[in-house]
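Chain residues, written in single-letter form:
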Amino acid sequence: MESLSPAIGQKAILRYTTTYSYHDLFLSSVRLRTVRNPNRVSRRLRIRVQAKSGAFENSAAGGGCIDFSDPNWKLKYQREFEARFNIPHITDVFPDAVEYPSTFCLKMRTPVSEEFAEGYPSDEKWHGYINNNDRVLLKVINYSSPTSAGAECIDPNCSWVEQWVHRAGPREKIYFKPEEVKAAIVTCGGLCPGLNDVIRHIVITLEIYGVKKIVGIPFGYRGFSEKDLAEMPLSRKVVQNIHLSGGSLLGVSRGGPKVSDIVDSIQERGINMLFVLGGNGTHAGANAIHDECRKRRMKVAVVGVPKTIDNDIMLMDKTFGFDTAVEEAQRAINSAYIEAHSAYHGIGIVKLMGRSSGFIAMQASLASGQIDICLIPEVPFNLHGPHGVLRHLKYLLETKGSAVVCAAEGAGQDFLEKTNAKDASGNAVLGDIGVYLQQEIKKYFKEMGETSDVKYIDPTYMIRACRANASDGILCTVLGQNAVHGAFAGYSGITVGICNTHYVYFPIPEVISKPRVVDPNSRMWHRCLTSTGQPDFL
């Protein structure tokens, strides 16, 4: 891998892949989410036919398959799953790595000093540690049929198979001496509410362990290579109140230098714990850094904290910043509603974040109760024709006098001219669906000789710059703490997330295989449709 750009660009490539891992095979009756793909229905049918024939392909197992005629298929599946979700550990490379009693104990706050160089004070009776064998159940609903709404089935009979992932938290034994640790934090990608909250609690937790050398890498991965960007010393005093502001204390940027150059910089700086805050692309870069450190036999723990306002990271209940985005979007939606409701034949359009997944648009629409039409990337729609969006808008103006449309930024990209341009992270530069809708709506009603007053609101950057709300503040706090616990426990190449309300560690490759998307057959999307009252626009 020559640079981080290919690693970061993986999410754009993997988004269109047509072979999936075992876990993906049971998503919505083995649903495939290639965005705006006209062959979506036929491809789904092919997979179902394949299921009835007794086997599913599995790209994650090197092209293997699940043979459901084998009476032991469940056991084999669970073994494969356990192997895939096994999280990398320092002892994989350094089998003789020394473990020490943990310096994290909330019953005893004696500062760590040189006198404890060979053994750290620890209250062995404190029962606040996590056992390495603790697991959290990945899926909790036992679907009885593939036709159940939102069904996630492994086999055509929807058999129940337990899938367990590693529980996050402090361990009784640690693999780094705090006085020998130099920890670095880097924030990549775009801004997101909660970045400062996570930075703050990583620093605070590191200090509780006894770490004295903590630095921030400025402006994303770029900070590892730019000579004029000096690392920022961090301490509790420095980060004490940063959570009261939005943005990132360290700054953000997209893209970055070669992976080998980053690891060279890590080696030169003496960093042995790296905490990476970012989305799918950033995590792909973090995994590449982890692999390179292993190849060089460097004792470095690389831990990710998933940051994506779109909530599009696989396997997790939600990512930080999402709740704040949904809450802040209410202001824009309410403004659009007032503008539309106050005008003669008024129509309000609000564009929200969501390149490949429409979680923000869906939940913001559901929360507001003021949206008449919600458009997301996962659900195709027609603008024109008897069942199109424009015809429904005409109906809304005739029956209620106004209408409000909420669109995710990735919705309706088939209608827009493709530029093939990409940003520094390798993501395709999207056309502005909000502007396009505004123009088409005005044109439609003008050609019909009818009056319309169309207002368009794009609150994207106002939302990204907000400080985290209370819900995200709690999530960021726990994610930051557990990232540090994972690093001290000797894990690397992992990310921390929330799964079924419990905090867990995932191997990075499993969460970046492709973006998480809204299932059009899920109960949440059905609830949104019930709220808006919109028809299928096909």
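Computed from a predicted structure; not experimentally measured. (Residues numbered from 1 in each chain as written. Predicted model: local features only at pLDDT ≥ 70, side-chain atom pairs only at ≥ 80, totals over all residues. Heavy atoms only, no water.)

As for the overall build of the protein
Regarding its fold elements, the protein presents 17 helices and 17 strands. Within the protein, contacts between residues separated by at least 24 positions form 76% of all contacts whose residues are at least 6 apart in sequence. Accessible area of the protein: about 22500 Å², with a carbon and sulfur share of 50%. (Helix = DSSP H or I, 4+ residues; strand = E, 2+ residues; numbered from the N terminus. Contact = heavy atoms within 4.5 Å. Areas by Shrake-Rupley, 256 points an atom, 1.4 Å probe, with all protein chains shown as cover.)

Remarks on the packing of helix H10 (residues 322-342) against helix H11 (residues 359-368)
Helix packing geometry: the angle between the two helix axes and the distance between the axes. Running from amino to carboxyl end, H10 crosses H11 at an angle of 55 degrees, the nearest separation of the two axes being 9 Å. The angle between H10 and H11 places the two elements in the oblique class. For the pair H10 and H11, the crossing hand works out as right-handed. Residues Phe322, Ala325, Val326, Ala329, Gln330 and Ile333 of H10 form the contact with H11, whose participating residues are Phe359, Ile360, Gln363, Ala364, Ser365, Ala367 and Ser368. Taken together, the residues that form the contact of H10 with H11 break down as 9 nonpolar, 4 polar and no charged. (Axes fitted to C-alpha atoms, helices over the stretch in contact; angles between N-to-C directions. Parallel < 35°, antiparallel > 145°, perpendicular 65-115°, else oblique. Left-handed = near helix turned anticlockwise from the far one by under 90°. Nonpolar A, V, L, I, M, F, W, Y, C, P; charged D, E, K, R; others polar.)

Observations concerning the sheet that holds strand E12 (residues 346-352)
Taken together, the 4 strands give an open sheet; going across it, the order is E13-E14-E12-E15, and neighbouring strands pair in parallel fashion. This sheet does not close on itself; its edge strands, each paired only once, are strand E13 (373-375) and strand E15 (453-457). This sheet shows a mean twist of 15 degrees between the axes of neighbouring strands, independent of strand direction. Relative to strand E14 (residues 402-408), E12 runs parallel, the two being bridged by 7 bridges. In the sheet register, Ile347 faces E14, and the bridge partner there is Ala403. Packed onto the sheet, H10 meets E12, E14 and E15 and runs at close to 165 degrees relative to E12. (Pairing = 2+ DSSP bridges.)

A closer look at the UniProt feature "active site" (unreviewed entry) in the protein
UniProt's feature table lists "active site" (unreviewed entry) at Asp310, given in the numbering used throughout. Tracing the backbone shows Asp310 in the loop between strand E11 (301-306) and H10. Exposure remark for Asp310: the relative accessible area of 7% places this residue in the buried category. Here Asp310 is in contact with Met353, Gly354, Arg355, Ser357, Phe359, Ile360 and Glu409, once residues within four sequence places are set aside. (UniProt positions renumbered as here; feature names shortened; annotations may be inferred. Buried < 20%, exposed > 50% of the residue type's maximum accessible area, 1.4 Å probe, protein only.)

Looking at the side chain of Ser357
Mapping Ser357 onto the fold places it in the loop between E12 and H11. In contact with Ser357, other than residues within four places in its own chain, are Asp310, Asp312, Pro377, Glu378, Arg516 and Val517.

Here's the deal with the side chain of Thr187
Counting through the fold element by element, Thr187 comes out in strand E7 (residues 182-187). For Thr187, the side chain forms a polar contact with the side chain of Ser248, separated by 3.0 Å. Not counting chain neighbours up to four residues away, the residues in contact with Thr187 comprise Leu195, Ile199, Phe219, Gly220, Ser248, Leu250, Gly251, Val252, Ser253 and Leu277. (Polar contact = N/O pair within 3.5 Å; in protein donor to acceptor, adjacent residues only side chain to side chain.)

Quick look at the nonpolar core
Ile185, Leu206, Met273, Phe275, Phe320 and Phe488 are the most contacted members of the largest nonpolar core, which has 79 residues in total. Looking at this core, the element that brings in the most residues is H10, giving 8 residues. Looking at which domains feed residues into this core, each of domain 1 (167-318 + 468-510) and domain 2 (322-465) supplies at least three. Grouped together as the second largest cluster of nonpolar side chains are 43 residues, Ile217, Tyr221, Ile262 and Met298 included. (Core = buried A, V, L, I, M, F, W, Y, C linked by side-chain atoms within 4.5 Å. Domains from an automatic or database assignment.)

Here we look at the sheet that holds strand E4 (residues 135-137)
Taken together, the 9 strands give an open sheet; going across it, the order is E4-E5-E17-E16-E11-E10-E7-E8-E9, and neighbouring strands pair in mixed fashion. In the strand order of this sheet, the two ends are held by E4 and strand E9 (232-233), each with one partner. Bridge count between strand E5 (residues 164-167) and strand E17 (residues 502-507): 2 bridges; the pairing is antiparallel. By the bridge assignment for E17, His166 is matched with Tyr505. Relative to the sheet, helix H15 (residues 470-488) contacts strand E10 (273-278), E11, strand E16 (494-499) and E17, its axis offset from that of E17 by approximately 50 degrees.

Focus: the packing of aromatic side chains
Within the structure shown, the criterion is met by 10 aromatic pairs. Taking the centre distance of 4.8 Å and the plane angle of 85 degrees together, the rings of Phe68 and Trp73 count as edge-to-face. On the accessibility criterion, Phe68 (17% relative accessible area) is buried. When its relative accessible area of 9% is taken as the criterion, Trp73 is described as buried. Positioned over the ring face of Phe176 is Lys299, at 4.9 Å from the centre of the ring. (Phe/Tyr/Trp six-rings, centres within 6.5 Å; stacked < 30°, edge-to-face > 60°. Lys NZ or Arg CZ within 6 Å of the ring centre and 35° of its normal.)

Quick notes on the pattern of salt bridges
One pass over the structure, following the stated rule, counts 19 salt bridges. Note that Lys455 is salt-bridged to Asp453, the shortest N-O span being 2.7 Å. With a relative accessible area of 31%, Lys455 lands in the partly exposed category. When its relative accessible area of 28% is taken as the criterion, Asp453 is described as partly exposed. (Salt bridge = Lys/Arg side-chain N within 4 Å of Asp/Glu carboxyl O.)

Describing the pairing of E11
Most of E11 is tucked away, with 6 of its 6 residues classed as buried. The alternating pattern of E11 places Ala301, Val303 and Val305 and Val302, Gly304 and Pro306 on opposite faces, both of which are buried. Sheet topology note: the E10/E11 ladder contains 6 bridges and is parallel. Bridge assignment links Val276 to a residue of E11, and that residue is Gly304. Crossover E10 to E11 through helix H9 (residues 280-295) is right-handed. (Right-handed = clockwise from strand over helix to strand, strands pointing away.)

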